[in-house]
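# Remarks on the overall topology
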Amino acid sequence: TVPGPASAMYTAPIHVAESTRVRAKAFRSGVRTSPLTNSSTEASVDMSAWYRKVECRPAATIDETTVEPGLTQTYYEGDWTLSMLTLPIVKPLITEVAPSWFDRSLLRANDHSYALVYEGLIRIPQSGVYTFHGPFEFFDVGERAGYDLMLEVDHEQWYPTTRTHNFGNWSVPLAAGFHAVKLAFVDSRRREKWVSFDRKLTKVDPKILISGPGITEPGPVPSDWLYHSKQ
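This report concerns the structure included in the present document.

Criteria and thresholds
Residues numbered from 1 in each chain as written. Predicted model: local features only at pLDDT ≥ 70, side-chain atom pairs only at ≥ 80, totals over all residues. Heavy atoms only, no water. Core = buried A, V, L, I, M, F, W, Y, C linked by side-chain atoms within 4.5 Å. Buried < 20%, exposed > 50% of the residue type's maximum accessible area, 1.4 Å probe, protein only. Helix = DSSP H or I, 4+ residues; strand = E, 2+ residues; numbered from the N terminus. Contact = heavy atoms within 4.5 Å. Pairing = 2+ DSSP bridges.

## Examining the nonpolar core
- Ranked by size, the top nonpolar core spans 31 residues in total, and within it Trp-101, Phe-132, Leu-151 and Ile-208 carry the most contacts.
- Those elements that place two or more of their residues in this core are strand 4 (71–78), strand 6 (113–124), strand 7 (128–133), strand 8 (147–153), strand 10 (169–174) and strand 11 (177–187).
- Not counting residues up to four positions away in its chain, the partners in contact with Leu-151 are Trp-101, Phe-132, Glu-156, Gln-157, Trp-158, Trp-170, Val-181, Lys-182, Leu-183 and Ile-208.
- In this structure, Leu-82, Met-84, Met-150 and Ala-184 belong to the second largest nonpolar core, which totals nine residues.

Structure, rendered in structure tokens:
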């Protein structure tokens, strides 16, 4: 229903167990009736969101003797035009096994733009909804990242650079077991002078954190969750 001054006050997080629409509206203190116009001086506009209950994505049938720890890591180089769009036509230079994503042991000591692509499997320990948290500079409009990320789970892609989408978070219901995973990282920042026309670009190491069942605070994806097929 449309919220009014007499509706239930939001005081704590709401637990939603079934598919539903949640609507909310803010009222200035002392307002007793809903205003006729949306001037936002007495009340905000009516905001809403749909929440859809879904089943966990099934895990892949994997023979554990055919996989080993780590992800396949592929290194690319290019000029300033290197991006997620051009990456498929760039020739890979080196492929090795990395213990975790964002490992940059293959990075060369030069001033080229580069990309690292990690592929393999993520082993989910417990069925439930897992949320991947993108870097702050991707959804804060005052920041300029200077790099790009793409995460793929079970062949569904997520781009954290879509700034207004769920504040840089992506929630995925996953059953316990192995799921295909791929992470692409394209860095166009100059190694020494990460400077834009108007301000310094963010000089930080990128990260995607994870939270979910048994994880109270978002943190790095544990390295012992990541695997790749034996050659």
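There's more to say after this.
## So, the pairing of strand 14 (residues 226–229)
- As paired elements, strand 3 (residues 67–69) and strand 14 share three bridges and run antiparallel to each other. Pairing of Glu-68 across the sheet is with His-228, part of strand 14.
- As judged from the two bridges shared by strand 6 and strand 14, these two strands associate in the antiparallel manner. From the neighbouring strand, Leu-121 faces strand 14, where its bridge partner is Tyr-227.

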